[in-house]
Amino acid sequence: MKIVLSGIKPSGELNIGGYGGALHQFLALQQQQFECLFFVPDLHAVTVAQDPNVLRKRTMDIAAYYIAAGIDPKKATIFIQSHVSAHAELGWLMETQAHFGELSRMTQFKEKSNGKDTVSSALFTYPVLMAADILLYQATHVPVGDDQKQHLEMTRDLAARFNQRFRPVFTVPEPIIQQLGSRIMSLDDPAKKMSKSNPNANSYILFQDSPEVIHKKIAKAVTDSEGVVRCDWAHKPAVSNLIEIYAVFADESVETIESRYKGVGYGAFKRDLADVIAAKLQPIQRRYSEIVESDELIRILKDGAVKAAETANRTLLQAKQAMGFVTWAQ
Ligand code: AMP
Ligand code: TRP
């Protein structure tokens, strides 16, 4: 039995990087009849300062976007992390198994703390909470973008370490990192990951961007002087990035795209790319606005939390028993 679990943090407006690395994969995996759990990791978002009102809105936004993009609540369990208290509790237990040294080697922590006077201790231990998220559901597969690879390796290490030291409680999960779309880069600089924390708003495309804005941003995207639509990450990273975005949003191969634009300049390619992205996002935006303020969404999230908690509490109890905590028969 394959069990898939993943989530997108409500720490900023959703951009198309999250589609390439995460949502696109969630949809494909849901089709394959795996047991799927997709959650909103709000406890992860507060590792950096959040405005409470904005956090509340963004949490509901991400959940609404899951559904708007096609995650089916009848097939997948959709829930908010903080609604299942077992996450925080197993997070603490797993912190006792994590080593300071291995956490110090996490590149995302290094990047996020670089140049800051103070960062929260939760930002440092964040990968342990992520491990708890995954292990609570005995997930076998975790679809993520490339930037989460190291965190997944740590999850695997922690699961194996716990199983070895106490008894086999946890499934050791596999990451699923797609070849295409797992590393969508900034439109203004192909050396940087596309991210909503970039101060240049032209560097990313948001889920909520209108077709006009998408056209404007793609028109401004950097390319190169060769004028050939060809994927070659070593020599043409900016154009390769645009081709990959096209491939993910049109569900086409890189080769198909390259041959379609043979002898055609970047102008026509960019206009079509903007159309392809807008065509994918427009129905998602429509469905999002129908569902985001609805009772239906609240009901889905409440049901999801009840269902998730059943599994999570079962695993948590096993972990506590294995560690020697007093647990009365339940
Ligand atoms: P986050 O919004 O940071 O919680 O990321 C949610 C998911 O999207 C994670 O699986 C990330 O690895 C993935 N992701 C975020 N940014 C990108 C990007 N620029 N390209 C590909 N995947 C991304
Ligand atoms: N750390 C992930 C990110 O930054 C989000 C996340 C939290 C996650 N817990 C998870 C992803 C569990 C997959 C599985 O994108």
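Residues numbered from 1 in each chain as written. Chains lettered and ligands numbered in written order. Predicted model: local features only at pLDDT ≥ 70, side-chain atom pairs only at ≥ 80, totals over all residues. Heavy atoms only, no water.

A separate point is the site of ligand 2. Taken together, 14 residues lie around ligand 2, and Lys9, Tyr126, Met130, Asp133 and Gln148 are the ones closest in. Measuring from a nitrogen atom of ligand 2, one finds a side-chain N or O atom of Asp133 at 2.7 Å. Bound to the protein, ligand 2 loses 93% of the 360 Å² it would expose on its own. Using a 2 Å cut-off from the grid points, one finds that ligand 2 occupies the largest pocket. The element contributing the most residues to the shell around ligand 2 is helix α7 (residues 121-135), with 4 residues. Among the residues forming the shell around ligand 2, the class breakdown is 8 nonpolar, 4 polar and 2 charged. (Near = heavy atom within 4 Å. Polar contact = N/O pair within 3.5 Å; in protein donor to acceptor, adjacent residues only side chain to side chain. Areas by Shrake-Rupley, 256 points an atom, 1.4 Å probe, with all protein chains shown as cover. 1 Å grid on protein atoms, 1.4 Å probe; cavity = no way out; pocket = protein on both sides within 12 Å on 5 of 7 lines; lining within 4 Å. Sits in = over half its atoms within 2 Å of the grid points. Helix = DSSP H or I, 4+ residues; strand = E, 2+ residues; numbered from the N terminus. Nonpolar A, V, L, I, M, F, W, Y, C, P; charged D, E, K, R; others polar.)

Close contacts around ligand 1 come from 17 residues, with Lys9, Gly145, Asp147, Ile184 and Lys196 the closest. Asp147 is positioned such that a nitrogen or oxygen atom in its side chain is 2.4 Å from an oxygen atom of ligand 1. In the model, an oxygen atom of ligand 1 is placed 2.9 Å from a nitrogen or oxygen of the Lys196 side chain. Starting from 480 Å² of accessible surface for ligand 1 in isolation, the protein chains cover 93%. When each cavity is represented as a set of grid points, ligand 1 is found to reside in the largest pocket. Here the residues of the shell around ligand 1 are counted per class, giving 5 nonpolar, 7 polar and 5 charged.

Over its 16 residues, helix α1 (residues 16-31) extends 21 Å from the first C-alpha to the last, a length consistent with the 22 Å expected when each residue adds 1.5 Å. At Ala22, α1 shows its maximal bend, which comes to roughly 40°. A large share of α1 lies buried, amounting to 14 of its 16 residues. One side-chain oxygen of the residue at the start of α1 lies 2.5 Å from the amide nitrogen of Gly17, identifying that residue as Asn15. One or two steps after α1, the chain reaches Gln33, where phi turns positive at roughly 65°. (Expected span 1.5 Å × (residues − 1). Bend = angle between axes of the 7 residues up to and from the residue. Buried < 20%, exposed > 50% of the residue type's maximum accessible area, 1.4 Å probe, protein only.)

In this section: the domain arrangement of the chain. Assigned domains of the chain: these are domain 1 (2-183 + 294-323) and domain 2 (201-289). On a C-alpha basis, the centres of domain 1 and domain 2 stand 29 Å from each other. Domain 1 puts 20 residues into the contact, and the matching count from domain 2 is 20 residues. Note on domain 1 versus domain 2: buried area summed over both sides is about 1,800 Å², and carbon and sulfur give 69% of it. When residues of domain 1 are sorted by the area they lose upon contact with domain 2, Ile16, Tyr19 and Tyr65 head the list and together hold 37% of the total. The interface formed by domain 1 and domain 2 contains 1 salt bridge. Taken together, domain 1 and domain 2 are joined by 4 residue pairs in polar contact (both at pLDDT 80 or more). Of all the secondary structure elements, the ones that give two or more residues to the side of domain 1 that touches domain 2 are α1 and α3 (52-69). The dominant element in the side of domain 1 that touches domain 2, judged by the number of residues it contributes, is α3, at 7 residues. (Domains from an automatic or database assignment. Contact = heavy atoms within 4.5 Å. Buried area = accessible area lost by both parts, 1.4 Å probe. Salt bridge = Lys/Arg side-chain N within 4 Å of Asp/Glu carboxyl O.)

Burial runs high along strand β2 (residues 35-40): 5 of the 6 residues are buried. The pairing of strand β1 (residues 3-7) with β2 spans 5 bridges and is classified as parallel. Each residue of the ladder has a partner; that of Ile3, found in β2, is Glu35. For the segment spanning β1, α1 and β2, crossover handedness is right-handed. One ladder, built from 5 bridges, connects β2 with strand β3 (residues 76-80); its direction is parallel. Looking across to β3, one finds that Cys36 is bridged to Ala76. (Pairing = 2+ DSSP bridges. Right-handed = clockwise from strand over helix to strand, strands pointing away.)

Moving on: unusual backbone geometry. A positive phi angle, close to 55°, is found at Gln138, a residue other than glycine. Mapped onto the secondary structure, Gln138 falls in the loop between α7 and β4 (141-143). A positive phi angle, close to 50°, is found at Asp251, a residue other than glycine. Mapped onto the elements, Asp251 comes out in the loop between α10 (237-250) and α11 (254-260). According to the relative accessible area criterion, Asp251 is exposed, its value standing at 52%.

Before going further, it helps to examine the packing of α1 against α10. With their axes 11 Å apart at the nearest point, α1 and α10 run at an angle of 50° to one another. Between α1 and α10, the angle is such that the two are oblique. Two packed elements cross with a definite hand, and for α1 against α10 that hand is left-handed. Across the interface between the two elements, Ile16, Tyr19, Gly20 and His24 from α1 touch Ile245, Val248 and Phe249 from α10. Taken together, the residues of the contact of α1 with α10 sort by class into 5 nonpolar, 2 polar and no charged. (Axes fitted to C-alpha atoms, helices over the stretch in contact; angles between N-to-C directions. Parallel < 35°, antiparallel > 145°, perpendicular 65-115°, else oblique. Left-handed = near helix turned anticlockwise from the far one by under 90°.)

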